[in-house]
Amino acid sequence: MSYLENNKSPVTHIDRIVKTVSREVSPEGHLPDYIYRSWQRCIDKYNILPDAPFIPHVVDRDVLLDHQEAFCDRHQLIRRNLDSLFNIIGDNGYTLLLTDNKGITLDCRYERSAEDFLKQKGLYTGSNWSETIAATNGIGTCLAEEKSIVVDRNEHFFPIMTGMTCIVSPIFDGFGKMVAALNASILKHAPNGQNRLVAKLIEQYAKKFELLFYMEQFKEHWLLIFSQCENISDTISTGVLALDDDGKIISGNMNASKLLCKTKNLDLGKSFLDEVF
C-alpha cells in the first residue's frame, strides 16, 4: 500500500511532496526545477519519504577529524573570510556553515547564545547534510545540483525543516571539481530582499574562496587574472588562467572556462595564451 493510500488526512506538506512527485498534481508555478528534481531523487532514488522521522546526523569525532584534515590547507586560507562574512550577516540571524563535498560540516559561525538550539537543528560542526541523509536541503541539494541555490522554508523535504531558509553556493577547485559548499541558514522568516542580498554575498565569497584555492593550487605557475567587469575585485566574474613558462595554459578556473571556451570553442588544457587573447 502506498503512502497516499494509507493517509486520508487533509493536504499537508507531506501530501504536497508525494503528490507532486507522483504527478497527481502539477508542480506549483513558483517551485524551482531543482527542488522538484530533489524531491524526485529523495523518493525514487534514495527511498526516503517525507513522513519519516528526521534527526540531524552528526558524524563521530574521528570521522569529523578525518574530513577536517583532508580540507585543512584550504580551511587555513579562508578562515578569516568566514569570520568577516559572519560579521556581515550574523546580526540578522543567519548561521554560516562550511561543508566538504560529502556534506559534512567542517566549520560554522553562529550566535553563541543559540548554540544548544542550533545543535538540535543540525546547524553545527560535524552534521551531515548530504541529500541521501537529510533529503532536500540547501547544502545537500546544492552538492547534487552543483550550482547556487536557495531552499526556502517549505521547499525542504522533511516537515521539521520547513521553518528554515538555506542559501548555498558550491566551491570548485582549479580542475572544476566541487570541493565544498558555503551555506547561510536562517530559522525565521526573512524578507525576500534580505535573502537575495545574502545569496549574493554567499556566491561572492564562494567565488573568492575558489580564487584563493586556485592561486594556492597553482602557485608554482604564472597566473593571469581577467574579468569582463571593470572591477577586477568582482570575484563572481573573475577568470584565472595558470600558465607554464612557454605560455601553455595548464588550467583555467570555472569562470575562465565559461568566458573563453564558450566564445572561442577552446580546450584550455591544450591551448597557448596567444590563441586565447
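Details of the structure are given in the entry above.
The text that follows walks through the structure, step by step, so that each part is easy to find. These numbers were taken from a predicted model, which means no experiment stands behind them.

**Re a negative patch on the surface**
Residues Asp60, Asp62, Asp66 and Glu69 make up a contiguous surface patch of negative charge. For Asp62, the position within the fold is in helix α4 (residues 61-70). By relative accessible area, which is 57% here, Asp62 ends up exposed.

**Some thoughts on the sheet that holds strand β2 (residues 105-109)**
Consider a sheet: its strands pair through backbone hydrogen bonds, and that pairing is either parallel or antiparallel. Overall, antiparallel pairing links the 5 strands, which are arranged β2-β1-β5-β4-β3 in an open sheet. Only two strands of the sheet have a single neighbouring strand rather than two, namely β2 and β3 (149-152). Averaged over all pairs of adjacent strands, the angle between their axes in this sheet comes to 20°, without regard to strand direction. Packed on one face of the sheet, helix α8 (residues 138-145) meets β1 (94-100), β3, β4 (165-172) and β5 (178-186) and runs near 145° to β5. Those strands touched by helix α9 (residues 192-217) are β1, β4 and β5, and its axis lies near 20° from that of β4.

**Considerations on the packing of aromatic side chains**
Counted by the stated rule, this structure contains 8 aromatic pairs. Seen from their ring centres, Phe71 and Phe213 are 6.0 Å apart, and the 85° between their planes marks the pair as edge-to-face. Here Phe71 is found in the loop between α4 and α5 (72-89), whereas its partner Phe213 is found in helix α9, with 142 residues between them in sequence. Judged by relative accessible area, which is 3%, Phe213 ranks as buried.

Rules and cut-offs
Residues numbered from 1 in each chain as written. Predicted model: local features only at pLDDT ≥ 70, side-chain atom pairs only at ≥ 80, totals over all residues. Heavy atoms only, no water. Patch = residues over 30% accessible without salt bridge, like charges linked within 9 Å, V, L, I, M, F, W, Y side chains within 5 Å. Areas by Shrake-Rupley, 256 points an atom, 1.4 Å probe, with all protein chains shown as cover. Salt bridge = Lys/Arg side-chain N within 4 Å of Asp/Glu carboxyl O. Lys, Arg positive; Asp, Glu negative; His and termini not counted. Charge placed at Lys NZ, Arg CZ, Asp CG, Glu CD. Helix = DSSP H or I, 4+ residues; strand = E, 2+ residues; numbered from the N terminus. Buried < 20%, exposed > 50% of the residue type's maximum accessible area, 1.4 Å probe, protein only. Pairing = 2+ DSSP bridges. Axes fitted to C-alpha atoms, helices over the stretch in contact; angles between N-to-C directions. Contact = heavy atoms within 4.5 Å. Phe/Tyr/Trp six-rings, centres within 6.5 Å; stacked < 30°, edge-to-face > 60°.

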